[in-house]
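Breakdown of the fold
Here are the chains, one letter per residue:
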Amino acid sequence: MPIHSPIYSIVIPIYNEEANIAQLYQRLCAVMQLLEGETELVLIDDGSRDRSLEMMRQLHLADARVSYLSFARNFGHQIAVTAGLNFASGQAVIVMDADLQDPPELLPQLVERWRQGYQVVYAQRIQRQREPWLKRFLAHWFYRLLRHLADVEIPTDTGDFCLMDRRVVDLLNAMPERNRYIRGLRAWVGYRQTAVQFDRAPRYAGSVKYTFSKSLALAINSLVGFSKVPLRLSTYLGLASGAMSLLMSLLVLYWRFFAPRSPLTGYTIITVVVFFLGAVQLISIGILGEYVGRIYEEIKGRPLYTLSEVGRFRAHDLHNSASQTSADQQA
Ligand code: UDP
Ligand code: MG
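What you are looking at is a predicted structure, and each value in this text was computed from that prediction instead of being measured.

The next subject is the nonpolar core. Ranked by size, the top nonpolar core spans 42 residues in total, and within it Phe-71, Leu-85, Ile-154, Met-164, Leu-172, Tyr-181 and Tyr-305 carry the most contacts. Here this core takes 6 residues from helix 3 (residues 77-87), the largest share from any one element. Setting aside residues up to four positions removed in sequence, Leu-172 forms contacts with Leu-85, Met-164, Arg-180, Leu-185, Arg-186 and Val-189. Listed in part, the 37 residues of the second largest apolar core include Leu-28, Ala-92, Ala-98 and Leu-100.

Quick look at the structure:
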């Protein structure tokens, strides 16, 4: 590592956050003074349509610690974080949201644990009281379902807010997959991981950028990406309906020979059975489709994102020319 590379990189994905950027920068500046050692801010504009990019340019011009990337369109939060990790050059890389729900003041605690020898320090929220109850309810049960089904242990109630050691970031950068569930990949690499608890603040300003459909897509991605149990589900459903049809035939035989009148008359029962089997088959095909669709996505091998503008930390150009090329190849 050349002497130039900063110790800390703070990676922040930004999508239409003009109302948060000034406050975010201010609070980060105060925290960066507390951190011993050089720090860089890597801001990723995920195709914002408001003044976010302009504000990022201004910060970059005024403060050499700030570099930014701008996507040619909206690629989504996970891809924005991925791009940030590709470009960050710090020994410890911190990922956080731009809306100040992840308090910058927690950074010294994350750093402390890293200095104690942990390669991944993730922030775990102790309460979500301030978010809508439906979101809280769904998130609560989803994390528990995922924990149950996933191949790796993905800690509950954690987001992408974390600190990762250079070694972990290099590994994540080397992972070619495009359906990126960073929390999962982060858990997958292993090493020494620990949690720091925090109280998740409400959004400082602006509206939620993670719409319900984006959250749902992320949830499906995480399940499909880290578990093969859904595939097995169709086998189980098939076995269950097979067992049921066997039971039904035995019943029919019994009624035919020993009961004075069979209760199985009329179309109703047939209709119900046809619909039931139709549902089982369609659900199975749907689940299969989720996996096949991802194979298709991977095989196409399109770049993860396209960049329209890069404002880079000038002092690092030398060191980054190597990693830049690999990032460019991906981009
Ligand atoms: N974000 C992004 N691209 C998107 C959606 C969100 O870069 O398509 C960013 C957003 O600007 C914020 C972070 O991801 O910094 C988290 O978004 P949000 O606060 O809407 O999600 P939540 O806090 O509800 O998980
Ligand atoms: Mg938020």
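Bringing the side chain of Glu-17 into the picture now. Positionally, Glu-17 belongs in the loop between strand 1 (8-14) and helix 1 (18-34). Aside from chain neighbours lying at most four places away, what touches Glu-17 is Asp-50, Ser-52, Ala-98, Asp-99, Arg-203, Ala-205 and Lys-209.

Residues Met-244, Met-248, Leu-251, Tyr-267, Ile-269, Ile-270, Val-273, Val-274, Phe-276 and Leu-277 make up a contiguous nonpolar surface patch of roughly 880 Å² in combined accessible area. Going through the elements one at a time, helix 9 (229-258) and helix 10 (268-300) are the ones with two or more residues in the nonpolar patch. It is helix 10 that contributes the most residues to the nonpolar patch, 6 residues altogether. With respect to the helices and strands, the residue Val-273 is situated in helix 10. Note on Val-273: relative accessible area 36%, which makes it partly exposed.

What follows concerns the site of ligand 1. Neighbouring ligand 1 are 19 residues; Glu-17, Asp-46, Asp-99, Gln-101 and Lys-209 lie closest to it. At a separation of 3.2 Å, an oxygen atom of ligand 1 approaches a polar side-chain atom of Asn-74. Here an oxygen atom of ligand 1 sits 2.6 Å away from a polar atom, N or O, in the side chain of Asp-99. Burial of ligand 1 by the protein chains amounts to 95% of its free accessible area of 540 Å².

This part covers the packing of aromatic side chains. Counted by the stated rule, this structure contains 7 aromatic pairs. An angle of 55 degrees between the planes, with centres 6.0 Å apart, marks the rings of Phe-142 and Tyr-143 as tilted. Residue classification places Phe-142 among the buried positions, given a relative accessible area of 18%. A centroid spacing of 5.4 Å and a plane angle of 85 degrees characterise the contact between Phe-161 and Phe-198, whose relative ring orientation is edge-to-face. You can see Phe-161 sitting in strand 6 (residues 158-165) and its partner Phe-198 sitting in strand 7 (residues 193-198), a full 37 residues away along the chain. Residue Phe-161 is classed as buried on the basis of its relative accessible area of 3%. Grouped by ring-pair contacts, the aromatic residues Phe-71, Phe-75 and Tyr-305 constitute a single cluster. The cationic tip of Arg-73 hangs over the ring face of Phe-75; the distance from NZ or CZ to the ring centre is 3.9 Å.

Moving on to the coordination of the magnesium ion (ligand 2). For the magnesium ion (ligand 2), the protein coordination sphere consists of Asp-99 (OD) and Gln-101 (OE1), at 1.9 to 2.0 Å. Residue class for Asp-99 comes out buried when judged on its relative accessible area of 4%.

So, on to helix 4 (residues 107-115). When we look at burial in helix 4, the residues that qualify are Leu-107, Leu-110, Val-111 and Trp-114. Buried residues along helix 4 cover an arc of 95 degrees about the axis, so they all sit on one side. Contacts made by the buried residues of helix 4 are with strand 1, helix 1, strand 4 (92-95), strand 5 (120-125), strand 6 and strand 7. In the segment just after helix 4, Gly-117 is the residue with positive phi, at about 110 degrees.

Now for the packing of helix 3 against helix 6 (residues 166-174). Between helix 3 and helix 6, the shortest axis-to-axis distance is 9 Å and the interhelical angle comes to 120 degrees. One finds that helix 3 runs oblique with respect to helix 6. The way helix 3 lies across helix 6 gives a crossing that is left-handed. Contact with helix 3, carried on its side by Thr-82, Leu-85 and Asn-86, involves Val-169, Leu-172 and Asn-173 of helix 6 and no other residues of that element. For the contact of helix 3 with helix 6, the per-class residue count stands at 3 nonpolar, 3 polar and no charged.

A few words now on the pattern of salt bridges. Counted by the stated rule, this structure contains 13 salt bridges. As a salt-bridge pair, Glu-298 and Arg-178 come within 3.8 Å of each other at their nearest N and O atoms. Here Glu-298, found in helix 10, pairs with Arg-178, found in the loop between helix 6 and helix 7 (182-189); they are 120 residues apart in sequence, far enough to count as distant. Taking the relative accessible area as the measure of exposure, Glu-298 reaches 31% and is therefore partly exposed. A relative accessible area of 17% means that Arg-178 is categorised as buried. When salt bridges with common partners are traced through the structure, they connect Asp-97, Asp-102 and Arg-200 into a single cluster.

Moving on to the UniProt feature "transmembrane region" (unreviewed entry) in the chain. Sites flagged by UniProt as "transmembrane region" (unreviewed entry) map to residues 236-255 and 267-292. Note that residues 236-255 is 100% helix and 0% strand, and that its end C-alpha atoms are spaced 29 Å apart. This span, residues 267-292, is 96% helix and 0% strand, and a straight line between its end C-alpha atoms measures 37 Å.

Rules of the game
- Residues numbered from 1 in each chain as written.
- Chains lettered and ligands numbered in written order.
- Predicted model: local features only at pLDDT ≥ 70, side-chain atom pairs only at ≥ 80, totals over all residues.
- Heavy atoms only, no water.
- Core = buried A, V, L, I, M, F, W, Y, C linked by side-chain atoms within 4.5 Å.
- Buried < 20%, exposed > 50% of the residue type's maximum accessible area, 1.4 Å probe, protein only.
- Helix = DSSP H or I, 4+ residues; strand = E, 2+ residues; numbered from the N terminus.
- Contact = heavy atoms within 4.5 Å.
- Patch = residues over 30% accessible without salt bridge, like charges linked within 9 Å, V, L, I, M, F, W, Y side chains within 5 Å.
- Areas by Shrake-Rupley, 256 points an atom, 1.4 Å probe, with all protein chains shown as cover.
- Salt bridge = Lys/Arg side-chain N within 4 Å of Asp/Glu carboxyl O.
- Near = heavy atom within 4 Å.
- Polar contact = N/O pair within 3.5 Å; in protein donor to acceptor, adjacent residues only side chain to side chain.
- Phe/Tyr/Trp six-rings, centres within 6.5 Å; stacked < 30°, edge-to-face > 60°.
- Lys NZ or Arg CZ within 6 Å of the ring centre and 35° of its normal.
- Donors = N, O, S within 2.8 Å, 3.2 Å for Na, K, Ca; no water.
- Arc of directions from axis to C-beta.
- Axes fitted to C-alpha atoms, helices over the stretch in contact; angles between N-to-C directions.
- Parallel < 35°, antiparallel > 145°, perpendicular 65-115°, else oblique.
- Left-handed = near helix turned anticlockwise from the far one by under 90°.
- Nonpolar A, V, L, I, M, F, W, Y, C, P; charged D, E, K, R; others polar.
- UniProt positions renumbered as here; feature names shortened; annotations may be inferred.

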